[in-house]
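So the chains spell out like this:
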Amino acid sequence: MMVMVVTGTVSMAAAMAFVRPQQREGIGLWALALLAHAATYVLFLLRGQVSDWLSVVLANAILAGAFALLLAAVTEFHGRAQPWGRLLAPVAATALLIGVFLHDYRLRLLSSSFILALQNAVILWALWRPQPPRQPRGALLISASLGINGLVLLARGLWYTVHEPPPQGFMGSGTGQSITFLSAFIVVLLASLGFILMTKDRAEAINHELANNDLLTGIPNRRLLQQTLRRDALRAMREHAPYAVMMADIDHFKAVNDTHGHLAGDAVLRHVAHLLKARVRGQDMVGRWGGEEFLVLLPATTLEGARQLAEVLRAGVGEAPCHYQGTPIPVTLSIGICADTLQPGDRPSLLVDAADKALYAAKAGGRNRVEHALLMRPHELRGASPAPART
């Protein structure tokens, strides 16, 4: 069983080293902990062939160091400062107590059991507190495996507090030792898989964030806006509910870049995105459509409701200049809106097209104003009179 533990631990360490990401997320420390765990059992196997200071004292100190490295890996995953006291104190205490009780197997057993159980509890605390992982699947797997291991160690310590250990010692083939070794093997596999799963889930969440949100402003990008509009439009059709779309554009944005620089322009975009997002309802969505244009999706909203909200947003942005490096930069918005009850067969993009036309009218009408346009269906366009040519 000890050879099985060593083989499984080294194999998992090699696998984790192979999949180690470029970012420092604790996988390197976790793999190092597995190697320390394997080294511990190699020294245990050498019991009687090398000095007890190596196969007993050093082995137990390395085992405590392995759990300290697991704690360091969890801490690094969360991006926190390493708790050096909680990392080094159990290792030092283990080396001291095992050295003092070198010739008393029962006291060595009790010392190791309680210290390792405490280390398991500290790792679980660091995993979930003060802030739990945003993707909990891997953390739950780690918690289950370390929790089982900690309970086994605690039970072993409590049992041998009132009972004498087996006379054959650590290398004996008793039931307690078999359970301990089996628990160690399960912990190696499940906890390591759980940690890999945590890093995988985080990578997928980051990729999802990058795919659906604008990097500069942090609000949804055009891709997510289009997906949400299609989904909401289908629901609105089924429920015969009104739906409104608002297109907002920052007035004279090029002048901001030319006068204050592109970094100031970026600050203005973030400023406007924050103001818009803070003033809409929870079911609404504000996203960056492109350049200095923002799209606001307003489910279950009539034309009058959309117009009232547009005026609130326009006034709010106009009354709150963007402060960049101590300089206030005045900002105004032109807004175009379209609201209608969608019918089967209507394309959601018709709402966006109409809002864009209304935005053009707001720009042509002097900017810093709200205009609306009617949704024009293809058959209505075919029956309409041709518009006069523009030059």
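Relevant structure appears above.
Since the model is a prediction, treat every value here as computed from it, not as a measurement.

Visitor: Just to check I follow, could you spell out the overall build of the protein for this structure?
Guide: From N to C terminus, the protein includes 13 helices and 7 strands. Computed over C-alpha atoms, the radius of gyration of the protein comes to 32 Å, more than 25% over the 21 Å expected from 2.2 N^0.38 for 391 residues, which places it beyond the range of a compact globule. Taking the principal axes of the C-alpha coordinates as reference, the protein spans close to 100 × 50 × 35 Å. Within the protein, buried positions represent 47% of all 391 residues. Taking the contacts inside the protein whose residues are at least 6 apart along the sequence as the reference set, 72% of them involve residues at least 24 apart.

Visitor: I keep staring at the environment of Phe181 and nothing clicks. Help me out?
Guide: Note on placement: Phe181 falls in helix α7 (residues 175–212). Of the residues examined, Phe181 reaches a relative accessible area of 7% and is grouped as buried.

Visitor: I tried to follow the nonpolar core on my own but got confused; where do I start?
Guide: One finds Met16, Trp30 and Phe195 to be the most contacted residues of the largest nonpolar core, which totals 35 residues. If you list the elements that add at least two residues to this core, you get α1 (2–18), α2 (27–45), α3 (52–77), α5 (105–128), α6 (137–162) and α7. Ranked by the residues each element gives to this core, the list is headed by α3, at 11 residues. The contacts of Phe195, once residues within four sequence positions are left out, are Met16, Glu25, Gly26, Ile27, Trp30, Ala73, Val74, Phe77 and Ile142.

Visitor: Explain the pattern of salt bridges here, please?
Guide: Between side chains of opposite charge, a pair can form as their charged atoms come close. Summed over the entire model, instances satisfying the criterion amount to 12 salt bridges. Through salt bridges with shared partners, a single network forms among Arg231, Asp232 and Arg235.

Visitor: How should the pairing of strand β1 (residues 242–250) be read in this particular structure?
Guide: It is a general feature of regular strands that their side chains alternate between the two faces of the sheet. For β1, the buried fraction is high: 8 of the 9 residues fall into the buried class. Sheet analysis places β1 next to strand β6 (residues 333–341), joined by 9 bridges and oriented antiparallel. Pairing of Pro242 across the sheet is with Thr341, part of β6. By the bridge criterion, 7 bridges tie β1 to strand β3 (residues 293–299) in an arrangement that is antiparallel. Among the inter-strand pairings, Asp249 is bridged to a residue of β3, identified as Glu293.

Visitor: For this particular structure, what's the right way to read α1?
Guide: Since the α-helix packs 3.6 residues into each turn, any two residues three or four apart lie on the same face. Taking 1.5 Å of rise per residue, 17 residues should cover 24 Å, and α1 covers 24 Å from first to last C-alpha, within 8% of that figure. By the burial criterion, the buried members of α1 are Met2, Val5, Val6, Gly8, Thr9, Met12, Ala13 and Met16.

Visitor: Just checking my understanding: could you explain the packing of α3 against helix α4 (residues 84–100) for this structure?
Guide: Any two packed helices are characterised by the angle at which their axes cross and by the distance between the axes. Direction vectors running N to C along α3 and α4 enclose 165°, while the axes themselves pass 9 Å from each other. By the angle between their axes, α3 is roughly antiparallel relative to α4. You can see that α3 and α4 cross each other, and the crossing is right-handed. Where α3 approaches α4, its residues Trp53, Val56, Val57, Asn60, Ala61, Ala64, Gly65, Ala68, Leu71 and Ala72 are matched on the opposing element by Arg86, Leu87, Pro90, Val91, Thr94, Ala95, Ile98 and Gly99.

Visitor: I'm lost on unusual backbone geometry in this one. Help?
Guide: Note: most peptide bonds trans; most residues except glycine with negative phi. Geometrically, the link from Arg129 to Pro130 is a cis peptide bond, its omega value of 0° lying close to zero. The topology assignment puts Pro130 in the loop between α5 and α6. Despite not being glycine, Arg367 has its phi angle at roughly 70°, a positive value. Here Arg367 lies in the loop between α12 (349–364) and β7 (370–372). For Asn368, which is not glycine, the phi torsion reads 55° and is therefore positive. Assignment of secondary structure puts Asn368 in the loop between α12 and β7.

The rules behind these values
- Residues numbered from 1 in each chain as written.
- Predicted model: local features only at pLDDT ≥ 70, side-chain atom pairs only at ≥ 80, totals over all residues.
- Heavy atoms only, no water.
- Helix = DSSP H or I, 4+ residues; strand = E, 2+ residues; numbered from the N terminus.
- Rg over C-alpha atoms; globule rule 2.2 N^0.38 Å.
- Buried < 20%, exposed > 50% of the residue type's maximum accessible area, 1.4 Å probe, protein only.
- Contact = heavy atoms within 4.5 Å.
- Core = buried A, V, L, I, M, F, W, Y, C linked by side-chain atoms within 4.5 Å.
- Salt bridge = Lys/Arg side-chain N within 4 Å of Asp/Glu carboxyl O.
- Pairing = 2+ DSSP bridges.
- Expected span 1.5 Å × (residues − 1).
- Axes fitted to C-alpha atoms, helices over the stretch in contact; angles between N-to-C directions.
- Parallel < 35°, antiparallel > 145°, perpendicular 65-115°, else oblique.
- Left-handed = near helix turned anticlockwise from the far one by under 90°.

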